[in-house]
Amino acid sequence: MERSVNVTVVYYSSTGTIHRLATEISETAEKHGAEVRLVRAAELAPEAVVASRPAWSGHLKDTEDIPIAAVDDVLWADAVVFGTPTRFGNVSAQLKQFIDTLGPAWFSGLLANKVYSAFTSGGSTHGGMETTLVSIYNMVCHFGGIIVPTGGDLNPYGTSHVLGADNRPVSDVALQAAQVQAERVVRIARALKEV
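One structure accompanies this document, and this report is about it. Position numbers for residues start from 1 in each chain and track the written sequence from start to end. The predicted nature of this model means local features are confined to residues of pLDDT at least 70 and side-chain atom pairs, given and counted, to a pLDDT of 80 or more, with totals for whole chains, interfaces and linings taken over all residues. Just so you know, side-chain values use all the structure's heavy atoms and leave hydrogens and water out.

1. Examining the pattern of salt bridges
When the charged atoms of two side chains lie near each other, side chains of opposite charge can form a pair. Salt bridges are identified by distance alone: a Lys or Arg side-chain nitrogen within 4 Å of an Asp or Glu carboxyl oxygen. Summed over all chains, the structure comprises eight salt bridges. The salt bridge partner of Arg37 is Asp73, with a shortest N-O separation of 3.0 Å. With Arg37 in strand S2 (residues 34–40) and Asp73 in helix H4 (residues 71–76), this pair connects stretches of sequence that are 36 residues apart. Here Lys96 and Asp100 are joined by a salt bridge, their closest N and O atoms 2.6 Å apart. Of the two residues, Lys96 and Asp100 are both situated in helix H5 (residues 93–100); the distance of four residues between them amounts to about one turn of the helix. Here's how the labels work: a residue is buried when its accessible area is under 20% of the maximum for its type, exposed when over 50%, partly exposed in between, all with a 1.4 Å probe on protein chains only. Among the residues examined, Lys96 registers a relative accessible area of 33% and is labelled partly exposed. Its relative accessible area of 47% is what places Asp100 among the partly exposed residues. A cluster of three or more residues bridged by salt bridges with shared partners is formed by Arg37, Asp72 and Asp73. A helix here means a DSSP run of H or I that spans at least four residues, while a strand means a run of E at least two residues long, and both kinds are numbered starting from the N terminus.

Below is the structure:
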């Protein structure tokens, strides 16, 4: 009998791209037998800035029922998958602020020996998506976590989607990568629980 695995997907999304990938990863993990918590990083941008972009304010309203991430969501999990748009080759301020709240848990050794993975999106093919994912994995190394990347022929570090100048919707290729990533995360987290 397969052991139950707890997976938390923690993401930040301003206009919906990362939310779409987070949903795909969550649903795929559930299909593979995981208990899943889908949570979002709190919005930090001033209300006037958010309101100035209809897609941003609309997405925030559309996802207000998704719980705000808490430290307990990470402590509960056997595997944590972080999602963020790339911000100049790095993690969004919103997700980074949440990760910074994990300091006491890290200091107590409570973040070690969990599976971690990450996904992202960016405006261009070489717009910093790889360095965004690697910056998350740098933090995971400090946690004492176990990194599970996608591997393969696309972005080997994690699922990524290029929006382009016309804000293309999430592609089927990116959704397939998200499915592969979620299945690997569940499979490896389950195998580690059996050790």
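2. Remarks on the packing of helix H1 (residues 17–31) against helix H8 (residues 172–193)
Between the N-to-C directions of two axes lies an angle of 0 to 180 degrees, each axis being a line fitted to C-alpha atoms and, for a helix, fitted only over the stretch in contact. Between H1 and H8, the shortest axis-to-axis distance is 8 Å and the interhelical angle comes to 45°. When the interaxial angle is binned, H1 and H8 end up oblique. Considering the relative orientation of H1 and H8, their crossing is right-handed. Of H8, the residues touching H1 (which contributes Arg20, Leu21, Glu24, Ile25, Thr28 and Ala29) are Ala174, Leu175, Ala178, Gln179, Gln181, Ala182, Glu183 and Val186. Gly is put with the polar residues, along with every residue not named as nonpolar or charged; the nonpolar set is Ala, Val, Leu, Ile, Met, Phe, Trp, Tyr, Cys and Pro, and the charged set is Asp, Glu, Lys and Arg. Grouping the amino acids of the contact of H1 with H8 by side-chain chemistry returns eight nonpolar, three polar and three charged. Every angle not falling under 35 degrees, over 145, or within 65 to 115 is termed oblique; those three ranges are roughly parallel, roughly antiparallel and roughly perpendicular. Two helices cross in a left-handed way if the nearer one is turned anticlockwise from the farther one by less than a right angle. They cross in a right-handed way if the turn is clockwise. Contacts: residue pairs with any heavy atoms within 4.5 Å of one another.

3. Some remarks on the environment of Val140
Residue position: Val140 is located in helix H7 (residues 129–143). For the pair Val140 and Val185, spaced 45 residues apart in sequence, the C-alpha to C-alpha distance is 15 Å. Non-local contacts of Val140, meaning those with residues more than four positions away in its chain, are made with Tyr116, Gly145, Ile146 and Ile147.

4. Re the nonpolar core
To define a nonpolar core, start from buried Ala, Val, Leu, Ile, Met, Phe, Trp, Tyr and Cys residues and group those joined through side-chain atoms within 4.5 Å. Counting residues in hydrophobic clusters, the biggest one holds 27 residues, and the most contacted among them are Val10, Phe82, Leu95, Phe98, Ile136 and Phe143. Breaking this core down by element, the ones donating at least two residues are strand S3 (79–85), H5, strand S4 (115–122) and H7. Residue contributions to this core peak at six residues, all from H7. Here Ile136 is in contact with Phe82, Thr84, Val91, Leu95 and Ala118, once residues within four sequence places are set aside. In this structure, Val9, Tyr11, Ala174 and Leu175 belong to the second largest nonpolar core, which totals 25 residues.

5. Quick notes on the side chain of Arg40
Note on placement: Arg40 falls in strand S2. His is not counted, nor are the chain ends; Lys and Arg add positive charge and Asp and Glu add negative charge. Nearest to the buried, unbridged Arg40 among oppositely charged side chains is Glu64, at 6.6 Å. Leave out the neighbours within four places in its chain, and Arg40 touches Tyr11, Leu60, Thr63, Glu64, Ile66, Pro67, Ile68 and Ala69.

Keep in mind these numbers describe shape, not what the thing actually does.
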